[in-house]
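Residue-level structure breakdown
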Amino acid sequence: MPDGAAPVLDVRGLKTVFRTRGGEIHAVNSVSFHLKRGEVLGVVGESGSGKSVTMMSLIGLLPTPPAEVRAGTVMLDERDLLKISPEELRQVRGARIGFVFQDPMTSLNPVFTVGMQIMEPLREHMGMDKKQAETRAVELLELVGIPDARKRLKSYPHQFSGGMRQRVMIAIALACNPDVLIADEPTTALDVTIQAQILELVKELRKKLGMAIIWITHDLGVIANIADRVMVMYGGQVAEHGPVKELFADPRHPYTRALLKTIPSISGQREARLQVIEGQPPILNAAPTACPFRARCTHSHARCAAENPLRRAVDGTALGQGHDVACHWSPEAADA
Amino acid sequence: MRDLVKEPLVQVEDLKMHFPIYSGVLRRHTGDVKAVDGVSFSIQPGETLGLVGESGCGKSTVGRALLRLYEPTAGRVIIEGEDIATLDAETLRKKRPSMQMVFQDPQASLNPRMTLSAIISEPMVEHSTMSADERQARVFELMDAVGLNRRFANRYPHEFSGGQRQRIGIARALALNPKFIVCDEPIAALDVSIQAQVVNLLEDLQDKLGLTYLFISHDLSMVRHIADRVAVMYLGRIAELSPRDALYAQPLHPYAEALLSAVNEPDPNRARRERIILTGDVPSPANPPKGCTFCTRCPKVMDICRQDRPELAEVQPGRFVACHLYTKAAGSTGASEVYEPTQQGAN
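All of the points below concern the structure found in this document. (Residues numbered from 1 in each chain as written. Chains lettered and ligands numbered in written order. Predicted model: local features only at pLDDT ≥ 70, side-chain atom pairs only at ≥ 80, totals over all residues. Heavy atoms only, no water.)

1. Considerations on the overall build of chain B
Operational definition: A run of H or I in DSSP becomes a helix once it reaches four residues, and a run of E becomes a strand once it reaches two; helices and strands are each numbered from the N terminus. With the radius of gyration taken over C-alpha atoms, the globule rule is written as 2.2 Å times the number of residues to the power 0.38. Think of it in three bands: with a 1.4 Å probe and only protein chains considered, a residue is buried below 20% of the maximum accessible area for its type, exposed above 50%, and partly exposed in between. Contact definition: two residues touch when any of their heavy atoms are within 4.5 Å. To be clear on the numbers: accessible area is Shrake-Rupley with a 1.4 Å probe, and residue cover counts the displayed protein chains and nothing else.
Regarding its fold elements, chain B presents ten helices and twelve strands. Radius of gyration (C-alpha) of chain B: 21 Å, near the 20 Å computed for a compact globule of 347 residues. Along the longest, intermediate and shortest principal axes, the C-alpha atoms of chain B span 70 × 55 × 50 Å. Out of the 347 residues in chain B, the part that is buried amounts to 55%. Counting only contacts in chain B whose residues sit at least 6 apart along the sequence, the fraction spanning at least 24 positions is 63%. For chain B, the computed accessible surface area is about 15000 Å², with 49% contributed by carbon and sulfur atoms.

2. A word on the sheet that holds strand β1 (residues 9-20) of chain A
Residue and element names in this part refer to chain A. Keep this limit in mind: The pairing criterion for strands is at least two bridges between them, as found by DSSP. Fitting a line to C-alpha atoms yields each axis, with helices limited to the stretch in contact; the angle taken between N-to-C directions then spans 0 to 180 degrees.
Here four strands make up an open sheet; going across it, the order is β2-β1-β4-β5 and the pairing antiparallel. Because the sheet does not close on itself, it has two edges, and the strands there are β2 (23-35) and β5 (79-80). Across the face of the sheet, helix α1 (residues 51-58) comes into contact with β1, β2 and β4 (67-76) while running at roughly 110 degrees to β1.

3. What to know about unusual backbone geometry
Of note, the bond from A:Thr64 into A:Pro65 is cis; its omega dihedral lies within 30 degrees of zero at -15 degrees. Secondary-structure assignment places A:Pro65 in the loop between α1 and β4. A cis amide bond links A:Pro65 to the next residue, A:Pro66, at an omega of 10 degrees. Within the secondary structure layout, A:Pro66 lies in the loop between α1 and β4. We note that A:Asp77 has phi near 55 degrees; this positive angle belongs to a residue other than glycine. Mapped onto the secondary structure, A:Asp77 falls in the loop between β4 and β5. Accessibility expressed as a relative area gives 38% for A:Asp77, which makes it partly exposed. Phi is positive for B:Arg27, close to 50 degrees, though the residue is something other than glycine. Take B:Arg27: it is sitting in the loop between β1 (10-23) and β2 (28-43).

4. Considering the packing of aromatic side chains
What counts here: Only Phe, Tyr and Trp rings are paired, with Trp represented by its six-membered ring, and only when their centres lie within 6.5 Å; those with planes under 30 degrees apart are stacked, over 60 edge-to-face, the remainder tilted.
Throughout the structure, instances matching the rule amount to nine aromatic pairs over all chains. When the ring of A:Tyr234 is compared with that of A:Phe293, the centres are 5.0 Å apart and the planes differ by 85 degrees; the resulting orientation is edge-to-face. Of the two residues, A:Tyr234 is situated in strand β9 (residues 229-234) and A:Phe293 in the loop between α11 (254-262) and α12 (302-306); the sequence distance between them amounts to 59 residues. Taken together, a centroid distance of 5.6 Å and an interplanar angle of 70 degrees make the contact between B:Phe152 and B:Phe160 edge-to-face. In terms of burial, B:Phe152 and B:Phe160 fall into one category: buried.

5. Re the pattern of salt bridges
Definition in use: Salt bridge, as used here, is a side-chain nitrogen of Lys or Arg placed within 4 Å of a carboxyl oxygen of Asp or Glu.
Tallied over the entire structure, the rule returns 41 salt bridges over all chains. Taking the shortest distance from any N to any O, the salt bridge between A:Arg229 and A:Glu39 comes out at 2.5 Å. Here A:Glu39 lies in the loop between β2 and β3 (40-44) and A:Arg229 lies in strand β9, a separation of 190 residues in the sequence. When the shortest N-O distance is used, the salt bridge between B:Arg229 and B:Glu47 registers 2.7 Å. Remark: B:Glu47 occurs in the loop between β2 and β3 (48-52) and B:Arg229 occurs in strand β9 (residues 229-234); sequence separation between them is 182 residues. In this structure B:Arg229 comes out as buried when scored by relative accessible area, which is 12%. Exposure remark for B:Glu47: the relative accessible area of 10% places this residue in the buried category. Through salt bridges with shared partners, a single ionic network connects A:Arg19, A:Glu24, A:Glu68 and A:Arg70.

6. What to know about empty space enclosed by the protein
Rolled over the atoms, a probe sized like a water molecule indicates the empty space that remains. Residue and element names in this part refer to chain B. Cut-off, in case you're wondering: Site definitions follow a grid-based scheme: protein atoms alone, a 1 Å grid, a 1.4 Å probe that fits but cannot get out for cavities, and for pockets an open set with protein on both sides within 12 Å along at least five of seven lines, plus lining residues having an atom within 4 Å of a point. Grid points are joined across faces, edges and corners, and a volume is the space filled by probe spheres set on the points. Each residue is assigned to one of three groups, with Ala, Val, Leu, Ile, Met, Phe, Trp, Tyr, Cys and Pro labelled nonpolar, Asp, Glu, Lys and Arg labelled charged, and all others, Gly among them, labelled polar.
This model, assessed by the stated rule, comprises six cavities of 30 Å³ or more. Taken as a whole, the largest cavity spans an internal volume of roughly 90 Å³. Taken together, Tyr234, Arg237, Ile238, Ala239, His253, Cys292, Thr293, Phe294, Arg309, Pro310 and Ala322 make up the lining of the largest cavity. Ranked by the residues each element gives to the lining of the largest cavity, the list is headed by strand β10 (residues 237-243), at three residues. The class makeup of the residues in the lining of the largest cavity is seven nonpolar, two polar and two charged. Counted as a void, the second largest cavity has a volume near 70 Å³. Residues belonging to the lining of the second largest cavity are distributed by class as follows: ten nonpolar, two polar and one charged.

7. A word on the environment of B:Thr115
Residues and elements named next belong to chain B. Summarising the element assignment, Thr115 is placed in the loop between β6 (99-102) and α3 (116-127). Separated by 117 residues in sequence, Thr115 and Val232 have C-alpha atoms that sit 38 Å apart. Each residue touching Thr115, except ones within four places of it in the same chain, is listed here: Ala153, Asn154, Arg155 and Tyr156.

Structure, rendered in structure tokens:
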């Protein structure tokens, strides 16, 4: 699917800091990734790993203050989103980059009809008149599989079920044919059977519309199902990154390896006891000078405390193109 | 196997929990949300029964009605020979120490103004005659058991992480040496790497103290790990109740089959297999469909399903299914697998 074409989105060295009364929180530290047309990048991590903050930083959705994007570039085509004016950025959001949030109830406005909320970006960004916007809104609702679309335009969000609301959110995000869709835990609040419906829908839409998707989740099962590439985040940094099959078949970071083992399986041999990752995630109150995972890592040694590991390619490709890991340890060294 | 074991610790018979709907200016009673509508099962001492289903299927309501945190509409809940559903207030209070609950949201279920030590010792103040020193000793003992550092005894809930708060909730539930604990989604609010810690703790405590669990969860892979038998609920009723291995190897009820097939496996090669994608949403429990409650979404629906409500019946040894595919009346479809039931209901 993804070929050698230029990436539609290229993020380098992104750093985001929150200033709080208790000092600075370094939520995102030197995160770099790119996204090609038509591919799905899965971003996994625990709460507080920086996955959502990274994506919110890209499109200026973080309240400033307390947040401050301190360094980095975010290239969408030829433009750096961190440098353009708020007005230009507003044009990018909605039109070029669509966003789907975790909780469909709180991200839809309860006092406006669903129709008005879908038509808003169409009239705002595409300059459509009311009639055109309505026709397009019906198309969009049909696209995301809402039956009786024309009638449902007049419904309010509370008249939809959770799964249906998430479909509406996707319809709004897709309204202006964005190049990039950022989906932040879009199925986490949904039941498994509804989650399966939404995953199938997104896969189908990607095939039909060819947009690139960033899918944020903590659920490795969802990632395995939908992503082409995976980026594992821990403590505000990229711990490991690679094509989905390689990453699941041959995880290189101790965190990824441990994470895969803590999940009980639904088929095959039933484990007698679950593996655990002891300890708690780090508090990011200082710029990192050491590996954020070292306190919970079974392979940590002196170097991990002295030096924050840089990402290094493990399969001979250029950094960021294939499989890479930010760790001083390697499975081979342990075997030798 | 079931015949070898002794008396069940918990026996639920035809439990119903209806919440009335009042509407109009006069607030007339216009209907009921049938959150739980005729559920029967039993739990053996030392066993873990998993209760799974989607949100709104009534699984948490079953857990709460079982401990009479709700007043059940009908049915019997027999725990250690006494019918909880009809006990008077004083007898029920005396019974409380033997049955406890671990709640889903460790944030909301701990009083933010009480210290950890006060939270864990509160049940002892209520239900025992222990002196303050004895209580303090017991608090330390419980903190050790759930893996909390004794130094934290005078801290407040907000100073702890989600996983630690859930440990506090577990310690409180254990304070009075209960026999039976209802775990209502105890890991749903926790991060993946912390979930395993809490589940291992629950298993260790079960081994050590001989506890019996009702483990309510929507996480099917975690239930496979922890439960001995699993009940799958749909719209207030049990669709299938089977031993764990049998259920996961071959679910019999079409809903159980679809539910298991919807689980995303953390393996790219297996996750992209053909899956059963159910269409539509769960109907409202205030107005469930006639006949089988699953008939609106069932891929194997037959005419009879829209007429008659199938009862839970034993279709293979130890496996109870409420589905017309396995009843004789429906005839051919599932006939090859029909097993002559020895008794009705899941006892």
